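Structural overview
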Amino acid sequence: MMSHFCVNNTHHTLMDDMTMVVIASTPIKKGEQMTATYTHILSATTERRKHLRYGKFFDCTCARCSDPTEMGTYFGALRCSQPGCGGNILSTDPLAPTNDAPWACDRCRYKVSAVTVERLNKMIYMELRQAGEEDPIKLETIFKKYQYVLHPQHFHLVGIKHSLSQMYGRVAGYLLPDLSEAQLLRKVNCCRDLLQVLDVLDPGITRLRGLTLYELHAPLLLQANRAFQNTTITKSNFLQQLREVEGYLDRTIYSLKHEPLSSFEGEICKIARNSIQELRKWIQKVETLPETHFLPEKQEVVPGHLSEEDLTLETLLKKLEEQ
């Protein structure tokens, strides 16, 4: 059995003939231990260690679990609400077997009990379950509600972005051609933010990376083609954006090429292979088009911003402690 590590260096998949394929997801040096993960990558330390203790019967003490910041991602951190602070509230001992170590701000040392943090996470979890994954507006509402309570890379906010990256463009009423520029931008930003976290917590060849790269390419290609149709983009900028999309499709294929063809990931890989061939033909065509088809000067377009709602941590924690 392969050893567990919360940032593993291998990727495995079951093929159609029920054989297992294991590949190095990141470079492995000679003599270095090969590791897999027995828990969910997009869970914070408290949730992962609880799952491992009660489901796999061991306490994980890997580098990610030992670091209160989770390798600089602050995946479980709260925002400190003390005036003028702006620090992050982290567990004082993430390896405590019973997960009962108090949490404290890394600047002003303002403390919050572990029980209160657990209540907060459970409350958000229940709200997300009730919201479902059919209406992105419901998830956007929850995101806005807690964005000033949780660290920007808190696992709940990253999880919402993961869901939104797939919902925008796929669910009824929000299919890709129907999305506004603001919604396309939101999908792009959700994908980019998720990839930024994956670069640290799930690097290399992974299903989630491949699927996220595929979701990212679609709105970027649509935005670029819309700008071309409206003659609001220069030729050089248009080609640059098309080649960026080509790179994302290429990395999608690289990440998913080991998946069985019958799986969802295998089907996406097949679609990506066809899409990149068509895109390369389009790039060749664009290179031959005269300058009259494009904007003569570079034009910057400032996208609109989503409205924001504030909810302070101090107010929320008081309510939770009263329960």
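Residues numbered from 1 in each chain as written. Predicted model: local features only at pLDDT ≥ 70, side-chain atom pairs only at ≥ 80, totals over all residues. Heavy atoms only, no water.

As annotated in an unreviewed UniProt entry, the protein is Protein msta from Cherax quadricarinatus.

**Quick notes on the side chain of Thr26**
Turning to its location among the elements, Thr26 is positioned in the loop between strand E3 (20-24) and strand E4 (35-36). Not counting residues within four places of it along the chain, the set of residues in contact with Thr26 comprises Asn9, Pro203 and Gly204. (Helix = DSSP H or I, 4+ residues; strand = E, 2+ residues; numbered from the N terminus. Contact = heavy atoms within 4.5 Å.)

**Some words on unusual backbone geometry**
The phi angle of most residues is negative, glycine excepted, and most peptide bonds adopt the trans form. The backbone phi angle of Met18 is positive, close to 70°, even though this residue is not glycine. Considering the arrangement of structural elements, one finds Met18 in the loop between strand E2 (10-14) and E3. A positive phi is found at Thr231, a non-glycine position, where the angle reads about 55°. Within the secondary structure, Thr231 is located in the loop between helix H7 (207-229) and helix H8 (235-256).

**Points about the sheet that holds strand E5 (residues 78-79)**
What the four strands build is an open sheet, ordered E5-E6-E7-E8; its pairing is antiparallel. Only two strands of the sheet have a single partner each, and these edge strands are E5 and strand E8 (111-112). Here E5 pairs with strand E6 (residues 88-91) via two bridges, running antiparallel. Residue pairing across strands places Leu78 opposite Ile89, the latter belonging to E6. (Pairing = 2+ DSSP bridges.)

**Some points on the packing of H8 against helix H9 (residues 264-288)**
Packing of H8 against H9 brings their axes to within 9 Å, and their N-to-C directions diverge by 155°. Taken together, the axes of H8 and H9 are roughly antiparallel relative to one another. When you trace H8 past H9, the crossing you get is left-handed. Looking at the contact of H8 with H9, its residues break down into 15 nonpolar, three polar and eight charged. (Axes fitted to C-alpha atoms, helices over the stretch in contact; angles between N-to-C directions. Parallel < 35°, antiparallel > 145°, perpendicular 65-115°, else oblique. Left-handed = near helix turned anticlockwise from the far one by under 90°. Nonpolar A, V, L, I, M, F, W, Y, C, P; charged D, E, K, R; others polar.)

**Examining the nonpolar core**
Ranked by internal contacts, the top residues of the largest apolar core, which has 40 residues, are Leu42, Phe75, Leu216, Phe238, Leu249 and Val286. Elements with a minimum of two residues in this core: helix H5 (155-167), helix H6 (181-201), H7, H8 and H9. Ranked by the residues each element gives to this core, the list is headed by H7, at nine residues. Beyond its immediate stretch of four places on either side in the chain, Leu216 contacts Val188, Cys191, Arg192, Leu195 and Tyr248. (Core = buried A, V, L, I, M, F, W, Y, C linked by side-chain atoms within 4.5 Å. Buried < 20%, exposed > 50% of the residue type's maximum accessible area, 1.4 Å probe, protein only.)

**Structural notes on a nonpolar patch on the surface**
Together, Leu14, Met18, Met20, Val22 and Met34 make up a nonpolar patch on the protein surface, roughly 510 Å² of accessible area in all. Mapped onto the elements, Met20 comes out in strand E3. Judged by relative accessible area, which is 53%, Met20 ranks as exposed. (Patch = residues over 30% accessible without salt bridge, like charges linked within 9 Å, V, L, I, M, F, W, Y side chains within 5 Å. Areas by Shrake-Rupley, 256 points an atom, 1.4 Å probe, with all protein chains shown as cover. Salt bridge = Lys/Arg side-chain N within 4 Å of Asp/Glu carboxyl O.)

**A closer look at the packing of helix H3 (residues 114-131) against helix H4 (residues 136-146)**
Two elements in contact, H3 and H4, have axes whose closest approach is 9 Å; the angle formed by their N-to-C orientations is 160°. Between H3 and H4, the interaxial angle falls into the category roughly antiparallel. When the axes of H3 and H4 are compared, the crossing they make is right-handed. Residues Leu120, Met123, Ile124, Glu127, Leu128 and Ala131 of H3 touch H4, and the partners they reach there are Lys138, Leu139, Ile142, Lys145 and Tyr146. Looking at the contact of H3 with H4 residue by residue, the classes come out as eight nonpolar, no polar and three charged.

**Here's the deal with the environment of Thr61**
Considering the arrangement of structural elements, one finds Thr61 in the loop between helix H1 (45-55) and helix H2 (63-66). Overall, Thr61 belongs to the exposed group, its relative accessible area being 54%. Put simply, Thr61 and Leu95 are 34 residues apart on the chain and 6.8 Å apart in space, counted from C-alpha to C-alpha. Each residue touching Thr61, except ones within four places of it in the same chain, is listed here: Ser66 and Leu95.

**With respect to the state of the cysteines**
One pass over the full model with this rule turns up zero disulfides. Looking at the unpaired Cys190, the closest cysteine sulfur is the one in Cys191, lying at 7.0 Å. Residue classification places Cys190 among the buried positions, given a relative accessible area of 0%. Counting only cysteine sulfurs, Cys191 is the nearest neighbor of Cys269, a cysteine outside any disulfide, at a range of 18 Å. A relative accessible area of 4% places Cys269 in the buried class. (Disulfide = S-S within 2.5 Å.)

**Remarks on the environment of Asp250**
Within the fold, Asp250 resides in helix H8. As for Asp250 and Ser275, which are separated by 25 residues in sequence, their C-alpha atoms are 9.9 Å apart. Aside from chain neighbours lying at most four places away, what touches Asp250 is Ile276 and Arg280.

**Some points on the pairing of E2**
Pairing geometry for E2 and E3, over five bridges, is antiparallel. Bridge pairing in E3 places Thr13 opposite Val21. Counted between consecutive antiparallel strands, the loop separating E2 from E3 contains five residues, among which Met18 sits at a positive phi close to 70°.

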